[in-house]
Amino acid sequence: AALGSVKYDTTSVEVPYVTTYEGYNQRIFIDNRGATDAYYSTTYTTENGVTAADGASATGTLAAGEMHTIKATDLVTFTGGTRGTATIEIEAQTGSLKVVTQIVDLGTGMTDTILLHPSTQQ
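Figured I'd write up the structure that's included with this text. Within every chain, residues take consecutive numbers counted from 1 along the sequence as written. Confidence filtering applies because this is a predicted model: local features only for residues at pLDDT of at least 70, side-chain atom pairs given and counted only at 80 or more, and all residues used for totals across whole chains, interfaces and linings. Each side-chain value is worked out from all heavy atoms of the structure, with water and hydrogens disregarded.

Let us now look at the pairing of strand S8 (residues 83-90). By this definition, two strands are paired if DSSP reports at least two bridges between them. Where helices and strands are cited, they refer to DSSP runs of H or I of at least four residues and of E of at least two residues respectively, numbered from the N terminus. Pairing of strand S1 (residues 11-19) with S8, which is carried by 7 bridges, proceeds in the antiparallel orientation. Bridge assignment links Thr-11 to a residue of S8, and that residue is Ile-90. With 6 bridges connecting them, strand S3 (residues 38-45) and S8 associate as antiparallel partners. Directly across from Thr-45, in S8, lies its bridge partner Thr-85.

With that settled, consider the environment of Ala-64. If you trace the backbone, Ala-64 turns up in the loop between strand S5 (60-62) and strand S6 (66-71). Taking relative accessible area as the criterion, Ala-64 reaches 25% and is therefore assigned partly exposed. For the pair Ala-64 and Ala-38, spaced 26 residues apart in sequence, the C-alpha to C-alpha distance is 7.1 Å. Setting aside its immediate chain neighbours within four residues, Ala-64 contacts Asn-32, Gly-34, Ala-35, Thr-36 and Asp-37. For every residue, the accessible area (1.4 Å probe, protein chains only) is compared with the maximum for its type, and the residue is labelled buried under 20%, exposed over 50%, or partly exposed between those bounds. Here, residues are in contact when the closest pair of their heavy atoms is within 4.5 Å.

By themselves these figures say nothing about function.
Written out as structure tokens, the structure reads:
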């Protein structure tokens, strides 16, 4: 007889480029398609000489059935540079999430939008 089981319900989303450069406006869109709210937290990796500190939106709760928008400048504060990478850990089943990042060049208006999850690189 089985005694129990462990169910892993955390989804890791890699954001390969996060920038707080003043000439860009970067946002991360997280669509929680699940039936329950989902807590998230963020960690960072930076280049040598650059440090990252959590911003007001580095952790939070994503409401069930809603999309949440996080500005990069609210996610992280970089010192010694303006870029790094981020890993967002979301307490939700992987099939319940869609995550996109968008960077707008404020000088030219050019927009770069990338689907982060589900990954197209697998």
